[in-house]
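Close look at the chain arrangement
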Amino acid sequence: MTTESAAAAVRATVYGYPRQGQNRELKKAVEGYWKGRVSAEALRDTARDLRRTHWAQLAEAGITEVPTGDFSYYDHVLDTTVMVGAIPARHRTAVAADPLDGYFAMARGTQDAAPLEMTKWFDTNYHFLVPELGPDTVFTADSAQQVAELKEALALGHTARPVLVGPVTYLLLAKPAPAAAAGFEPLTLLDRLLPVYAEVLADLRAAGAEWVQLDEPALVQDRTPAELNVAARTYRELGALTERPKLLVASYFDRLGEALPVLAKAPVEGLALDFTDAAAANLRDLAAVGGIPGKRLVAGVVNGRNVWINDYEKALATLGTLLGLAGRVDVAASCSLLHVPLDATAERDIDPQIRRWLAFARQKTTEITTLARGLAQGTDAITAELAANRADLASRATSPITRDPAVRARAAAITEADGRRSRPYPARAAAQRAHLGLPLLPTTTIGSFPQTDELRVARADLRAGRIGTAGYEERIKTEIREVIAFQEKTGVDVLVHGEPERNDMVQYFAERLTGYLATRHGWVQSYGTRYVRPPVLAGDISRPEPMTVRWTTYAQAQTAKPVKGMLTGPVTMLAWSFVRDDQPLGETARQVGLALRDEVNDLEAAGTSVIQVDEPALRETLPLRAGGHADYLAWATGSFRLTTSGVRPETQIHTHMCYAEFGDIVRAIDDLDADVISLEAARSHMQVATELAEHGYPREAGPGVWDIHSPRIPSTQEAAALLRKGLEAIPAERLWVNPDCGLKTRGWAETRASLEHLVAAAHLVRGEVTPDGV
């Protein structure tokens, strides 16, 4: 084979690309559409322009096969629900009347119809809309979006591969519809779903697709023999279709494990596997099954979830080994690049040498194409790139930024006693009730209040130098006074200061801790139009000075009611950052826990009696396979207790979690030893309250009665009904009343009405129980 033909034989590809655009154009267009300022046609034009720009960026980088179908106005799992016609009954009229408005109604809800439940996409911070399926679900194929985007790419001259959520993963991610009988399993609908996928595949083939990728990340989790048999039957039947494109079955985030021999034997033309450190066992497992001779292997050797540069020599060694295990080896990122920011070169505030350690989506596409060239033409073809890569890796490894001897010495001196409260929960609870004097079913919020336009303008003016620090701080003080006054007027029992000074619950703290790098343009989609800028955890962590004490004490001075101190916990500080990959996560978590412990102790010393340390990421960071759970939960709960155990018994420690499946970590929630936990529960109809009760959870809990990720305003009766359902599982003396999550993304009008209804619901139900909670 000639050098030119060898190069052509190795394709460089990705599974997906960031959707938002360089300046978050998609977010602005979608939110403009919701507000009536952008027409549907203009929104579609923006989306089309973004897709074309993204494909052009990929092609310019040397990506020889671009993905289609990875773009979404809100969520790709919701797009799959539309594609297979699984529209919940309550939304069918809206979808039929206007498909675009109906689509957004399923995502956000309306005043008359609740949205689909939302939860985390495996162990990432991306949220997807959970399909609702029941025994009466009728699937119908609607491939219009997938076909249109494929034709767009082909018309522009790209070699394109449609990417779809695979049928097994779709069913495994689904939940029984509210009316489904107990015990119903969505996986039993496979025979109805496969003909719909067959029709979509035929449509894509007719539109010009040579390959279609079916994503099956659910198969990297522990699966029962019955579930593996379903996977085998799925791809046996899809593989037997005559009118179909070639099929590439993709997995990522972990080792494929028991599902690897199932898919290796399936009559499909290719597999895509993750070969980064998180899934290094895939290489061993692939060799153990004899490889996949005669099939295409797409090798994910560039980490699609983190931002550190690739180790070219290590990746090339893996690729060289894989050449003997497949008929053809192509090069890719380990998963969709949806999970990383767009372009590191935009980060002008980061030291240029440090910036060379970082690879965002555009840099990762260059890494992929470089590796593809090295695989096809030999390392002599990329000599300069290899030398530069070695130098950048060495620069990071030897940098003083990465290691602080004082931080490491303090972490090494931690004892078992440092991670335990001085008195057990029953004694603490009695001391807290006496100290705080709260009513039955106390009301509170999770922390943040709406980030108003005035706040955003003030923050922008401060950055631009249009106002000074004193003027900005006066704006913050005014906001805090207004938030406190509103809560007092509404009748909330435990107040918050509203967090007007905070840009983000992780970034705010990262900017005040050593060892972190903050980005200016590193936006990553969390859900819908909600984008975050995960900081980069580059070195050892310490806290130079207090971070929250000033504003918390200012708020407390405005009221006689308790005001919660608000912090983000160590696990979430890791999970919602791009973490360092040069030491175990548990070591980094201990460093963050010690820094936050100093803040907790300073808050208490300043007179704060209620301190909330949020850990919404505790469940999402749980390893996908059970074999890794015990070690993870040990260091995760240990770092939380390290943060919170230095306070007196009468100081009440709260924590908060949201939008995840909690049933399999209830014991870990107990091990946190927090006095009060608030949890998302409104969309899942108080499921978590039942799970806590079944575990025998002994502490106080606040399952949410208001879904804040929807613009719907719950009525007093609706909130009261959820509260009564919560009382079926948790006694009144241990039940709190609160929203699902913080209110940062909500407007003031809906916040006022919803909180008024929440407090009214608490008063209503409070009158239905005795002081003893009976």
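As a convention, each chain's residues are numbered from 1 in the sequence order in which they are written. Only residues with pLDDT of at least 70 get local features here, since the model is predicted, and only at 80 or more are side-chain atom pairs given and counted; chain-wide, interface and lining totals rely on the full set of residues. Hydrogens and water are ignored here; the side-chain numbers use all heavy atoms of the structure.

**Description of the overall build of the chain**
We count it as follows: Only DSSP runs of H or I covering at least 4 residues are called helices, and only runs of E covering at least 2 are called strands; the numbering of each starts at the N terminus. What the globule rule says is 2.2 Å times the number of residues to the power 0.38, and the radius of gyration is computed from C-alpha atoms. Note on exposure labels: buried denotes an accessible area under 20% of the residue type's maximum, exposed denotes more than 50%, and partly exposed covers the range between, all computed with a 1.4 Å probe on protein chains only. Note on definitions: a residue-residue contact is assigned when non-hydrogen atoms from the two residues lie within 4.5 Å. Where accessible areas are quoted, they stem from the Shrake-Rupley method and a 1.4 Å probe; at the residue level, only the protein chains shown are allowed to cover. A residue counts as positive if it is Lys or Arg and as negative if it is Asp or Glu; His and the chain ends are not included. By convention, the charge on Lys lies at NZ, on Arg at CZ, on Asp at CG and on Glu at CD.
On a plain count of helices and strands, the chain comes out with 29 helices and 21 strands. The C-alpha atoms of the chain give a radius of gyration of 26 Å, which matches the 28 Å a tight globule of 774 residues would have. Summarising its shape, the C-alpha atoms of the chain cover approximately 80 × 60 × 50 Å along the three principal directions. A buried classification covers 61% of the 774 residues belonging to the chain. Considering only intrachain contacts with a sequence separation of at least 6, the fraction spanning at least 24 residues in the chain is 80%. Of the roughly 27,900 Å² of accessible surface on the chain, a fraction of 52% belongs to carbon and sulfur atoms. Separation between the mean location of the 84 positive side-chain charges and that of the 98 negative ones in the chain comes to 2 Å.

**A short note on the sheet that holds strand S9 (residues 246–250)**
Put simply, the test is: Two strands pair if DSSP finds at least two bridges between them. Note on definitions: angles span 0 to 180 degrees between N-to-C directions of axes, and those axes are lines fitted to C-alpha atoms, for helices only across the stretch in contact.
Taken in spatial order, the 8 strands line up as S1-S12-S11-S10-S9-S8-S6-S2 in an open sheet, and their pairing is parallel. Each edge of the sheet is formed by a strand with only one pairing partner; in this case those strands are strand S1 (12–13) and strand S2 (66–68). Relative to strand S6 (residues 160–165), S2 runs parallel, the two being bridged by 3 bridges. Looking at the pairing, proline 67 lines up with arginine 161 of S6. Sheet strands touched by helix H9 (residues 190–206): S6, strand S8 (211–215) and S9. Its angle to S6, the strand with the most contacts, is close to 165°.

**Quick word on the pattern of salt bridges**
Using the following cut-off: What counts as a salt bridge is simple: a side-chain nitrogen of Lys or Arg found within 4 Å of a carboxyl oxygen of Asp or Glu.
Inspection of every chain in the model, using the stated rule, returns 58 salt bridges. Residue glutamate 604 is joined to arginine 648 by a salt bridge in which the shortest nitrogen-to-oxygen separation is 3.7 Å. Taken together, the positions of glutamate 604 in helix H24 (residues 585–605) and arginine 648 in the loop between helix H25 (629–644) and strand S19 (652–657) put the pair 44 residues apart, joining distant regions of the chain. Shared partners join several salt bridges into a network, and the residues in it are Arg11, Glu65, Arg161, Glu210, Lys246, Arg296, Arg328 and Asp330.

**A short note on unusual backbone geometry**
Even without being glycine, arginine 24 reaches a positive phi, approximately 55°. Positionally, arginine 24 belongs in the loop between S1 and helix H2 (25–34). Its identity as a non-glycine residue notwithstanding, aspartate 673 has a phi of 60°, on the positive side. Within the secondary structure, aspartate 673 is located in the loop between helix H26 (666–671) and strand S20 (676–679). Look at aspartate 673 and you get buried, because its relative accessible area is 16%.

**Focus on the pairing of strand S16 (residues 536–542)**
Burial analysis of S16 places 6 of its 7 residues in the buried class, which makes it a mostly covered element. Bridge count between strand S13 (residues 514–517) and S16: 3 bridges; the pairing is antiparallel. By the bridge assignment for S16, leucine 517 is matched with valine 536.

**Remarks on the packing of helix H5 (residues 89–97) against helix H6 (residues 99–108)**
A packed helix pair is summarised by two numbers, namely the angle formed by the two axes and the spacing between the axes. Just so we agree on the cut-off: An angle below 35 degrees is treated as roughly parallel, one above 145 as roughly antiparallel, one from 65 to 115 as roughly perpendicular, and anything else as oblique. For a crossing to be left-handed, the near helix must be turned anticlockwise from the far one by less than a right angle; the clockwise case is right-handed. Any residue that is not Ala, Val, Leu, Ile, Met, Phe, Trp, Tyr, Cys, Pro, Asp, Glu, Lys or Arg is counted as polar, Gly included; the first ten are nonpolar and the last four charged.
The contact between H5 and H6 brings their axes to 5 Å, and the two run at 150°. The orientation of H5 with respect to H6, classified from their angle, is roughly antiparallel. Seen from above, H5 lies across H6 with right-handed handedness. Judged by residue contacts, His91, Ala94, Val95 and Ala97 of H5 engage Pro99, Gly102, Tyr103, Ala105 and Met106 from H6. For the contact of H5 with H6, the class distribution of residues is 7 nonpolar, 2 polar and no charged.

**Quick word on the packing of aromatic side chains**
Here is the rule: Here the aromatic set is Phe, Tyr and Trp, taking the six-membered ring for Trp, and pairing holds for ring centres within 6.5 Å; pairs whose planes are under 30 degrees apart are stacked, those over 60 apart are edge-to-face, and all others are tilted.
Considering all chains together, one arrives at 17 aromatic pairs under this definition. Where tryptophan 551 meets tyrosine 554, the ring centres are 6.3 Å apart and the plane angle is 85°; that geometry is what we call edge-to-face. With tryptophan 551 and tyrosine 554 both in helix H22 (residues 549–556), this residue pair falls 3 residues apart, about one helical turn. Judged by relative accessible area, tryptophan 551 falls into the buried class, the value being 8%. Between tyrosine 632 and tryptophan 635 the ring centres are 5.1 Å apart and the planes differ by 90°, which places this aromatic pair in the edge-to-face class. One end of the pair is tyrosine 632 and the other is tryptophan 635, both in helix H25 and 3 residues apart, which spans about a single turn.

**Re the confidence of the model for the chain**
Filter applied, for reference: Each residue carries a pLDDT score, the predictor's confidence in it, ranging from 0 to 100.
Averaged over every residue, the pLDDT of the chain is 94; the share at 70 or more is 98%. Counting contacts from residues 1–8, a segment whose pLDDT is below 50, to residues more than four positions away or on other chains yields 6 contacts.

**Some remarks on the pairing of S8**
We apply this condition: Place the viewer so that the strands point away; then a crossover is right-handed whenever the path from the first strand over the helix to the second strand goes clockwise.
Here S8 lies mainly inside the structure; 5 of its 5 residues are buried. Where burial is concerned, the two faces of S8 agree: the one with Trp211, Gln213 and Asp215 and the one with Val212 and Leu214 are both buried. Two strands pair when backbone bridges link them, and S6 and S8 are joined in this way by 3 bridges, in the parallel orientation. The residue of S8 that forms the bridge with valine 163 is glutamine 213. Across 5 bridges, S8 lies against S9 in parallel orientation. By the bridge assignment for S9, leucine 214 is matched with valine 249. One crossover worth recording links S8 to the parallel S9 by way of helix H10 (residues 225–239), and it is right-handed.

**Re the packing of helix H20 (residues 469–490) against H22**
Put simply, H20 and H22 touch, their axes get as near as 10 Å, and they point 45° apart. One way to sum up the angle between H20 and H22 is to call them oblique. Considering the relative orientation of H20 and H22, their crossing is right-handed. On H22, the residues that touch Glu473, Ile476, Lys477, Ile480, Arg481 and Ile484 of H20 are Arg550, Trp551, Tyr554 and Ala555. Here the residues of the contact of H20 with H22 sort into 6 nonpolar, no polar and 4 charged.

**Details of helix H29 (residues 748–766)**
Applicable threshold: Helix span is expected to be 1.5 Å times the residue number reduced by one.
Under the 1.5 Å per step criterion, the end-to-end length of H29 is 26 Å for 19 residues, consistent within 8% with the ideal 27 Å. Among all positions of H29, only Trp748, Glu750, Thr751, Ala753, Ser754, Leu755, Leu758, Val759, Ala761, Ala762, Val765 and Arg766 are buried.

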